[in-house]
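Descriptive structure summary
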Amino acid sequence: MQRLPFFLPMVRCPRRCVYCDQGEITGIGRIPSPEDVARALSSLDGPREVCYFGGSFTCLPPDRRTAYLSAVLNAPKGSTVRFSTHPECITGQVLSELAPYPVSMVELGISSLDDSVLAVCNRGYTGRLVLDTMALVLARKFALCAQMMIGLPGQTEESSREDLRRMAAMKGAAPMTLRIYPCLVLENTPLARSHASGSYSPLSVDEAVLWAGRLLHEARHLGFAVQRIGLQESESLARSVIAGPHHPAFGELAAAEALVWSLLERNPEGPWSVDGTLVSQLTGHGKYGIRRLAERSGLTVRAVEERLVFTSAGGAKGAAALP
Ligand code: SF4
């Protein structure tokens, strides 16, 4: 279903996370009221997934929250609503209040489950609280998405891989979605001051792609669906990033890295049979995937290309050729 996002930047956030400036990420000046939303939805020609992003939706006072949810009922039949929120603002009572509405997804901005990272980022909760909150959301049968970050102050790659393992153990066989965002240094944030003083060094694009690619590969192994890697590009975001792994094709590079992990796992030296729909993951961005496969397998680029066999959707070989 087509999405229709409404941004409520930093609305009712319990505190300011050190890296955050949602106003700049989303490029939104004025926050739409429930009446604005209802008006916009009443003129649509078909159902939409209405999204309230950029703030801590369930931290809103109950009457305001209800007003935004009720506004969704003005959308054409079959429409649903999803929102992002802060783990501290999900309780059994809040979930009961959400139950009558067509909620398609609860997105929890978790950042990390590592208590030392959470403390440095001023998130104000522990990894245990997040895991308990996620378990509660799943127990109430809401679809759940966790927004993770990489490259946060004090965070290591191993710490974020441990986060994945803890979430996998918590969810068991339940479906769960992830978004993975690299930590960027935005103007006028506490993190920008740490960067200026030298106490925080962001990841480079290369480092972040390697980290995100491996995390994506492991997430798939552990049964997570990964919905997005990297922030949505916007002029406002591009303007306000002063350091860090900002790249318009970040998600594609990370997907290529994850594909390389899975090919090498299947066969360290090839030949590799690859679905034809994934050709661009290997050939795009100056053959990034092929070059990584060469680097990691110890083969030449030419030898890697000779060992790649692309198949059509039905599995027939040779249906797609390297450009
Ligand atoms: S990261 Fe999320 S919770 Fe933190 S200040 Fe930004 S919008 Fe609010």
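Model, not experiment: these values are computed from the prediction. (Residues numbered from 1 in each chain as written. Predicted model: local features only at pLDDT ≥ 70, side-chain atom pairs only at ≥ 80, totals over all residues. Heavy atoms only, no water.)

This part covers the overall build of the chain. Within the chain, the secondary structure is distributed over 13 helices and 12 strands. Radius of gyration (C-alpha) of the chain: 21 Å, near the 20 Å computed for a compact globule of 323 residues. Oriented by its inertia axes, the alpha-carbon framework of the chain measures out at about 65 × 50 × 40 Å. A buried classification covers 51% of the 323 residues belonging to the chain. Here the contacts in the chain between residues at least 6 apart in sequence split such that 75% fall between residues at least 24 apart. Put simply, the chain shows about 14100 Å² of open surface, and 52% of that area lies on carbon and sulfur atoms. (Helix = DSSP H or I, 4+ residues; strand = E, 2+ residues; numbered from the N terminus. Rg over C-alpha atoms; globule rule 2.2 N^0.38 Å. Buried < 20%, exposed > 50% of the residue type's maximum accessible area, 1.4 Å probe, protein only. Contact = heavy atoms within 4.5 Å. Areas by Shrake-Rupley, 256 points an atom, 1.4 Å probe, with all protein chains shown as cover.)

Following G270, the chain continues to P271 via a peptide bond in cis, the omega torsion being 0°. Within the secondary structure, P271 sits in the loop between helix 11 (250-266) and strand 10 (272-275). The phi torsion at K287 lies on the positive side, around 60°, for a residue other than glycine. By the element assignment, K287 lies in helix 12 (residues 279-297).

This part is about the domain arrangement of the chain. It is common to give the size of an interface as the accessible area that goes away when the parts come together. If you check the domain split of the chain, you get domain 1 (3-245) and domain 2 (267-320). Averaged C-alpha coordinates put domain 1 and domain 2 at centres separated by 34 Å. (Domains from an automatic or database assignment.)

Around the ligand sit M10, C13, R15, C17, Y19, C20, Q22, G54, S56, H86 and R123, and those are all the residues in its vicinity. Taking a 2 Å distance to the grid points as the criterion, the majority of the atoms of the ligand fall inside the largest pocket. A class-by-class count of the residues in the shell around the ligand yields five nonpolar, four polar and two charged. (Near = heavy atom within 4 Å. 1 Å grid on protein atoms, 1.4 Å probe; cavity = no way out; pocket = protein on both sides within 12 Å on 5 of 7 lines; lining within 4 Å. Sits in = over half its atoms within 2 Å of the grid points. Nonpolar A, V, L, I, M, F, W, Y, C, P; charged D, E, K, R; others polar.)

For helix 3 (residues 62-71), every residue scored as buried is listed here: R65, Y68, L69 and A71. Projected onto a plane normal to the axis of helix 3, the buried residues spread over an arc of 160° and lie on a single side. In the core, the buried residues of helix 3 are packed alongside helix 2 (34-42), strand 2 (49-53), strand 3 (80-85) and helix 4 (92-98). (Arc of directions from axis to C-beta.)

Considering all chains together, one arrives at six aromatic pairs under this definition. Ring centres of F7 and F53 lie 6.5 Å apart, and the angle between their planes is 50°; this geometry places the pair in the tilted category. Of the two residues, F7 is situated in strand 1 (residues 3-7) and F53 in strand 2; the sequence distance between them amounts to 46 residues. Looking at F53, the relative accessible area reads 14%, which means it is buried. Between the aromatic rings of Y52 and Y68, the centroid separation amounts to 5.1 Å while the plane-to-plane angle is 65°, which identifies the pairing as edge-to-face. Here the residue Y52 occupies a position in strand 2, and Y68 occupies one in helix 3, the gap between them amounting to 16 residues. Classification of Y68 as buried rests on a relative accessible area of 3%. Three or more aromatic residues joined by ring pairs form one cluster here, namely F6, Y52, F57, Y68 and F83. In this arrangement the basic side chain of K171 is found over the ring face of F224, its NZ or CZ atom lying 5.1 Å from the centre. (Phe/Tyr/Trp six-rings, centres within 6.5 Å; stacked < 30°, edge-to-face > 60°. Lys NZ or Arg CZ within 6 Å of the ring centre and 35° of its normal.)

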